[in-house]
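Spelled out, the chains give:
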Amino acid sequence: MSAVTAATPVNAEQTGRRVEEVLDRLTASGDPAAAAAAEELVRSLMDFYGAGLARILHLLSSAPGEPSAGLLGDGLVSSLLVLHDLHPEDRDTRIGRALDSVREHALDVVDFDEESGSLTLRTREAGGCGCDSGASAREAAEAALACFAPEVRAVDVQTAPAGPTLLQIGTAPTGAR
């Protein structure tokens, strides 16, 4: 068995989807005993790894300094902690951490609707090139939030209105003469 390292990253969202697909196939196979056994196996493994992660957090929290900061900044570790309801940071802090990881999109939180899981963000207006930077910002935010704040199920990115046009000193606006 090979150890997972930084050289072989694991995508938590893809792994979760893969587990669901396998369970769905077993359910569709028509063998309810096999499907029930598979679901029990997944629950048992989740309990086992959740207990291990809780123990790791306990040991880290009792260590001197702040050794958990690196763990909380890692997407895979963070997603596991959230999955097992062990993450020590609240939702808003984790959303902020996710958005910090896609800082190049300059996203600000406008609103979060807990009931629907919809997060509304605002980004600066595209720089006149006519390209849709909102779509790439949304995709980047969705990918980061999947690890750090999976309770965010939908992301809407609004473009901030352009600010007032600055005038050069000594010139009048067009049509003001």
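Residues numbered from 1 in each chain as written. Predicted model: local features only at pLDDT ≥ 70, side-chain atom pairs only at ≥ 80, totals over all residues. Heavy atoms only, no water.

Asker: Give me the lowdown on a negative patch on the surface, citing residues and values where you can.
Answerer: Residues E20, E21, D24 and E39 make up a contiguous surface patch of negative charge. Take the negative patch: its biggest share by element is 3 residues, from helix α1 (residues 12–28). Residue placement: E20 occurs in helix α1. (Patch = residues over 30% accessible without salt bridge, like charges linked within 9 Å, V, L, I, M, F, W, Y side chains within 5 Å. Areas by Shrake-Rupley, 256 points an atom, 1.4 Å probe, with all protein chains shown as cover. Salt bridge = Lys/Arg side-chain N within 4 Å of Asp/Glu carboxyl O. Lys, Arg positive; Asp, Glu negative; His and termini not counted. Charge placed at Lys NZ, Arg CZ, Asp CG, Glu CD. Helix = DSSP H or I, 4+ residues; strand = E, 2+ residues; numbered from the N terminus.)

Asker: Now, about unusual backbone geometry: what can you tell me, with residues and values included?
Answerer: One non-glycine residue, D85, lies in the positive phi region at around 55°. A relative accessible area of 71% places D85 in the exposed class. (Buried < 20%, exposed > 50% of the residue type's maximum accessible area, 1.4 Å probe, protein only.)

Asker: Please set out a nonpolar patch on the surface residue by residue, giving values where relevant.
Answerer: A cluster of nonpolar side chains, L41, L45, F48 and Y49, forms an exposed patch at the surface whose accessible area comes to about 460 Å². For L41, the position within the fold is in helix α2 (residues 32–61).

Asker: Please set out the sheet that holds strand β1 (residues 107–113) residue by residue, giving values where relevant.
Answerer: Judged by pairing direction, the sheet is mixed, and its 3 strands sit side by side in the order β1-β2-β3 without closing on themselves. Each end of this open sheet is capped by a strand with a single partner; those strands are β1 and β3 (154–159). Pairs of neighbouring strands in the sheet enclose a mean axial angle of 25°, with direction left out of account. Inspection of the sheet shows strand β2 (residues 118–123) paired to β3 by 6 bridges, in the parallel sense. Residue pairing in the sheet places S118 in a bridge with A154 of β3. Taken strand by strand, helix α5 (residues 91–100) contacts β1 and β2, and its axis lies near 145° from that of β1. (Pairing = 2+ DSSP bridges. Axes fitted to C-alpha atoms, helices over the stretch in contact; angles between N-to-C directions. Contact = heavy atoms within 4.5 Å.)

Asker: Could you give an account of the side chain of H84, with specific residues and numbers?
Answerer: Looking at where H84 falls in the secondary structure, it is placed in the loop between α4 (75–83) and α5. Apart from the residues within four sequence positions on either side, H84 is in contact with M46, Y49, G50 and L53.

Asker: How would you explain the pattern of salt bridges if you had to name every residue and give the values?
Answerer: Evaluation of the coordinates by the stated rule reveals 5 salt bridges. R97 is paired through a salt bridge with E89; the nearest N and O atoms lie 2.4 Å apart. In this structure, the salt-bridge partner of R94 is E151, at a minimum N-O distance of 2.6 Å. Note that R94 is positioned in helix α5 and E151 in the loop between α6 (133–148) and β3, a separation of 57 residues in sequence.

Asker: Please set out α5 residue by residue, giving values where relevant.
Answerer: R94, I95, A98 and L99 are the residues of α5 that are buried. The buried residues of α5 occupy one face: seen down the axis, they fall within an arc of 140°. (Arc of directions from axis to C-beta.)

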